[in-house]
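# Report on the structure
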Amino acid sequence: DGAVLRLGRPGEAFVFNASGQTIDVEGLPCVCRAGGPPLGNPVKDAVEAKVKQTTSRVIGVIYASSDCIAAGELEEHAGAFARLLRDHARARETETFTL
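Residues numbered from 1 in each chain as written. Predicted model: local features only at pLDDT ≥ 70, side-chain atom pairs only at ≥ 80, totals over all residues. Heavy atoms only, no water.

### Quick notes on a nonpolar patch on the surface
On the surface, L5, I59, V61, Y63, F97 and L99 cluster together into a nonpolar patch covering about 670 Å² of accessible area. Mapping F97 onto the fold places it in the segment after α1 (71-88). (Patch = residues over 30% accessible without salt bridge, like charges linked within 9 Å, V, L, I, M, F, W, Y side chains within 5 Å. Areas by Shrake-Rupley, 256 points an atom, 1.4 Å probe, with all protein chains shown as cover. Salt bridge = Lys/Arg side-chain N within 4 Å of Asp/Glu carboxyl O. Helix = DSSP H or I, 4+ residues; strand = E, 2+ residues; numbered from the N terminus.)

### Remarks on the nonpolar core
Counting seven residues, the largest nonpolar core is built from F14, F16, I23, V25, C30, C32 and A46. For C32, the contacting residues outside a window of four places in its chain are G2, A3, V4, R6, P37, P38 and L39. (Core = buried A, V, L, I, M, F, W, Y, C linked by side-chain atoms within 4.5 Å. Buried < 20%, exposed > 50% of the residue type's maximum accessible area, 1.4 Å probe, protein only. Contact = heavy atoms within 4.5 Å.)

### Considering the pattern of salt bridges
With the rule as written, the count across this model stands at two salt bridges. One salt bridge in this structure joins E48 and R33, with 2.9 Å as the shortest N-O distance. With E48 in the loop between β5 (38-40) and α1 and R33 in strand β4 (residues 29-33), this pair connects stretches of sequence that are 15 residues apart. Here E48 falls in the partly exposed class, since its relative accessible area comes to 45%. In this structure R33 comes out as partly exposed when scored by relative accessible area, which is 37%.

### Digging into α1
Taking 1.5 Å as the rise per residue, α1 with 18 residues should run 26 Å; its terminal C-alpha atoms sit 26 Å apart, in good agreement. Within α1, burial applies to L74, A78, G79 and A82. One side of α1 holds all its buried residues, which, seen down the axis, span an arc of 140 degrees. Those residues of α1 that are exposed and angled more than 90 degrees off the buried face are E76, D87 and H88. Phi turns positive, to about 60 degrees, at R90, one or two residues after α1. (Expected span 1.5 Å × (residues − 1). Arc of directions from axis to C-beta.)

### Things to note about the layout of surface pockets
Quantified by volume, the largest pocket comes out at close to 2,300 Å³. Counting residues per element, the ones that place at least two in the lining of the largest pocket are β1 (3-7), β4, β5 and α1. With seven residues, α1 is the largest single contributor of residues to the lining of the largest pocket. Classifying every residue of the lining of the largest pocket gives 26 nonpolar, 13 polar and eleven charged. (1 Å grid on protein atoms, 1.4 Å probe; cavity = no way out; pocket = protein on both sides within 12 Å on 5 of 7 lines; lining within 4 Å. Points joined across faces, edges and corners; volume = space filled by probe spheres on them. Nonpolar A, V, L, I, M, F, W, Y, C, P; charged D, E, K, R; others polar.)

### Observations concerning the sheet that holds β1
Overall, antiparallel pairing links the three strands, which are arranged β1-β4-β5 in an open sheet. Each of the sheet's edge strands pairs with one partner strand only, and the pair in question is β1 and β5. Strand after strand, the sheet turns through a mean of 50 degrees between neighbouring axes, direction not considered. (Pairing = 2+ DSSP bridges. Axes fitted to C-alpha atoms, helices over the stretch in contact; angles between N-to-C directions.)

Have a look at this one:
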């Protein structure tokens, strides 16, 4: 039930809206179900990963390169995102980490 970060595989794509439009993610960084399909990338999220009324767990991803941002600054942004989830989205538990 975990998530992994990996590059999209050759020919891999996912549906990102109710109209059925797809995005080709070959070679792009993607958050995926462990052993499964992509749930999103820096450009789009898969329809199946969108937040709904029944959603009880979320994962937020900040895509950033260490060439562009210092680790400490990235950790500050992750902490700010966690606070927003607690303060405005009724999150009871949050956890942050960087890769």
